Amino acid sequence: AQKVTQAQTEISVVEKEDVTLDCVYETRDTTYYLFWYKQPPSGELVFLIRRNSFDEQNEISGRYSWNFQKSTSSFNFTITASQVVDSAVYFCALSDLPGYALNFGKGTSLLVTP
Amino acid sequence: NAGVMQNPRHLVRRRGQEARLRCSPMKGHSHVYWYRQLPEEGLKFMVYLQKENIIDESGMPKERFSAEFPKEGPSILRIQQVVRGDSAAYFCASSPLESTDTQYFGPGTRLTVL
């Protein structure tokens, strides 16, 4: 069975601080897909990144970076120099088949204060 | 390119009434997914559809809930005889035929059952 754990329920940081959101997953499959989505206060879900299990390269996109480590079954998300607009709930998700159901973690609520 | 469209954005129903939630996928997308976000919980998969076919309905409650994605028109999630426990945000996602491993979400429909 698949499981995604986001142990941090809420994080509060001051603007310009770096913050890392943790995601630990469980799966018996050797091929799987990991995702991060952002849910701002307006409520919509915004796709951030997809990573395949056979691609362990870390990724950087502007202030965002992702650290995928199969050895620890983790897919952590770091925001560098956080901004107030980063305040949102961030969800990590796992899928064992492309195009099939996403199994979401419970989310981490990030609050960035000025 | 317009994103995934959902309507209505907010829906209020009294216990026992029917709720119909609509989802228009992104242009060129032929796969639709429905998820439910209950208060204090993460997103839970409900159903995965392609045009005129239900591919995976393992997350759908056995009674009162149904979904369709006709050849023409939007996908519909129908909840019959709603109860207070159905109050939630319902999200639709779509993915393109040629790359079915990333799901793009709509803004959601917030259902309130009085």
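Please refer to the structure higher up on the page.
Residues numbered from 1 in each chain as written. Chains lettered and ligands numbered in written order. Predicted model: local features only at pLDDT ≥ 70, side-chain atom pairs only at ≥ 80, totals over all residues. Heavy atoms only, no water.

**Points about the overall build of chain B**
A count of helical and extended segments in chain B gives zero helices and 11 strands. On C-alpha atoms alone, chain B measures out to a radius of gyration of 13 Å, which is about the 13 Å that the 2.2 N^0.38 rule sets for 114 residues. Across its three principal directions, the C-alpha atoms of chain B cover 40 × 25 × 25 Å. Of the contacts formed within chain B by residues at least 6 apart in sequence, a portion of 53% connects residues at least 24 apart. Computed over 16 positive and 12 negative side-chain charges, the separation of the two mean positions in chain B equals 9 Å. (Helix = DSSP H or I, 4+ residues; strand = E, 2+ residues; numbered from the N terminus. Rg over C-alpha atoms; globule rule 2.2 N^0.38 Å. Contact = heavy atoms within 4.5 Å. Lys, Arg positive; Asp, Glu negative; His and termini not counted. Charge placed at Lys NZ, Arg CZ, Asp CG, Glu CD.)

**Re the side chain of Ser-75 of chain B**
Residue and element names in this part refer to chain B. Tracing the chain through its elements places Ser-75 in strand S8 (residues 75-79). Within polar-contact distance, the side chain of Ser-75 engages the side chain of Trp-34 at 3.0 Å. Setting aside anything within four residues of it in sequence, one finds Ser-75 in contact with Leu-21, Arg-22, Cys-23, Val-32, Trp-34, Leu-49, Glu-68 and Phe-69. (Polar contact = N/O pair within 3.5 Å; in protein donor to acceptor, adjacent residues only side chain to side chain.)

**A look at the state of the cysteines**
All names here are of chain B. Tallied over the entire structure, the rule returns two disulfides over all chains. The disulfide bridge from Cys-23 ends at Cys-92, spanning 1.8 Å between sulfur atoms. Linking Cys-23 and Cys-92, the disulfide has an S-S dihedral of approximately -55° and is accordingly described as left-handed. Of the two residues, Cys-23 is situated in strand S3 (residues 19-24) and Cys-92 in strand S9 (residues 88-96); the sequence distance between them amounts to 69 residues. We note that Cys-23, like Cys-92, is buried. (Disulfide = S-S within 2.5 Å. Buried < 20%, exposed > 50% of the residue type's maximum accessible area, 1.4 Å probe, protein only.)

**Structural notes on the packing of aromatic side chains**
The final tally for this structure, using the stated rule, is 20 aromatic pairs over all chains. Between Tyr-64 of chain A and Phe-77 of chain A, the ring centres sit 5.2 Å apart and the planes meet at 90°, which makes this aromatic pair edge-to-face. Here Tyr-64 of chain A, found in strand S8 (residues 64-69), pairs with Phe-77 of chain A, found in strand S9 (residues 74-79); they are 13 residues apart in sequence, far enough to count as distant. Take Tyr-64 of chain A: its relative accessible area is 15%, and that puts it in the buried class. In textbook terms, an aromatic cluster arises when at least three aromatic residues are bridged by ring pairs, as seen for Phe-35, Tyr-37, Phe-47, Phe-91 and Phe-104 of chain A together with Tyr-35, Phe-45, Tyr-104 and Phe-105 of chain B. (Phe/Tyr/Trp six-rings, centres within 6.5 Å; stacked < 30°, edge-to-face > 60°.)

**Digging into the pairing of strand S12 (residues 108-113) of chain A**
All names here are of chain A. Residues Thr-108, Leu-110 and Val-112 of S12 are buried on one face, while the alternating residues Ser-109, Leu-111 and Thr-113, pointing to the opposite face, are not. With five bridges joining them, strand S2 (residues 10-14) and S12 adopt parallel strand pairing. Note that in S12 the partner of Glu-10 across the bridge is Ser-109. As judged from the three bridges shared by strand S10 (residues 88-95) and S12, these two strands associate in the antiparallel manner. When the bridges of S12 are listed, Tyr-90 appears paired with Thr-108. (Pairing = 2+ DSSP bridges.)

**Brief notes about the layout of surface pockets**
Where empty space is left becomes clear once a probe the size of a water molecule has been rolled over the atoms. When its volume is computed, the largest pocket comes out at roughly 380 Å³. In terms of lining residues, the largest pocket is bounded by 20 residues, among which Val-89, Phe-91 and Lys-106 of chain A together with Gln-37 and Glu-41 of chain B are the most central. Of all elements in the fold, only S10 and S12 of chain A reach the threshold of two or more residues within the lining of the largest pocket. Of the residues contributing to the lining of the largest pocket, the split by class is seven nonpolar, eight polar and five charged. (1 Å grid on protein atoms, 1.4 Å probe; cavity = no way out; pocket = protein on both sides within 12 Å on 5 of 7 lines; lining within 4 Å. Points joined across faces, edges and corners; volume = space filled by probe spheres on them. Nonpolar A, V, L, I, M, F, W, Y, C, P; charged D, E, K, R; others polar.)

**Structural notes on unusual backbone geometry**
Here Asn-7 of chain B and Pro-8 of chain B are connected by a cis peptide whose omega angle stands at -5°. Position of Pro-8 of chain B relative to the elements: it lies in the loop between strand S1 (5-7) and strand S2 (10-13). For Ser-73 of chain A, which is not glycine, the phi torsion reads 50° and is therefore positive. Locating Ser-73 of chain A in the fold gives a position in the loop between S8 and S9. By relative accessible area, Ser-73 of chain A is classed as partly exposed at 24%.

**Section: the nonpolar core**
Within the largest apolar cluster, 24 residues are counted, with the highest numbers of intra-cluster contacts made by Trp-34, Met-46, Leu-77 and Tyr-90 of chain B. The set of elements that each furnish at least two residues to this core consists of S3, strand S4 (29-37), strand S5 (43-50), strand S7 (65-68), S8, S9 and strand S11 (109-113) of chain B. Tyr-90 of chain B has contacts with Gln-6, Leu-21, Tyr-35, Arg-36, Met-46, Phe-65, Leu-77, Ile-79, Gly-108, Thr-109 and Leu-111 of chain B, leaving out every residue within four places of it along the chain. Among the nonpolar cores identified, the runner-up in size contains 23 residues, and Val-13, Cys-23, Trp-36 and Ile-79 of chain A belong to it. (Core = buried A, V, L, I, M, F, W, Y, C linked by side-chain atoms within 4.5 Å.)

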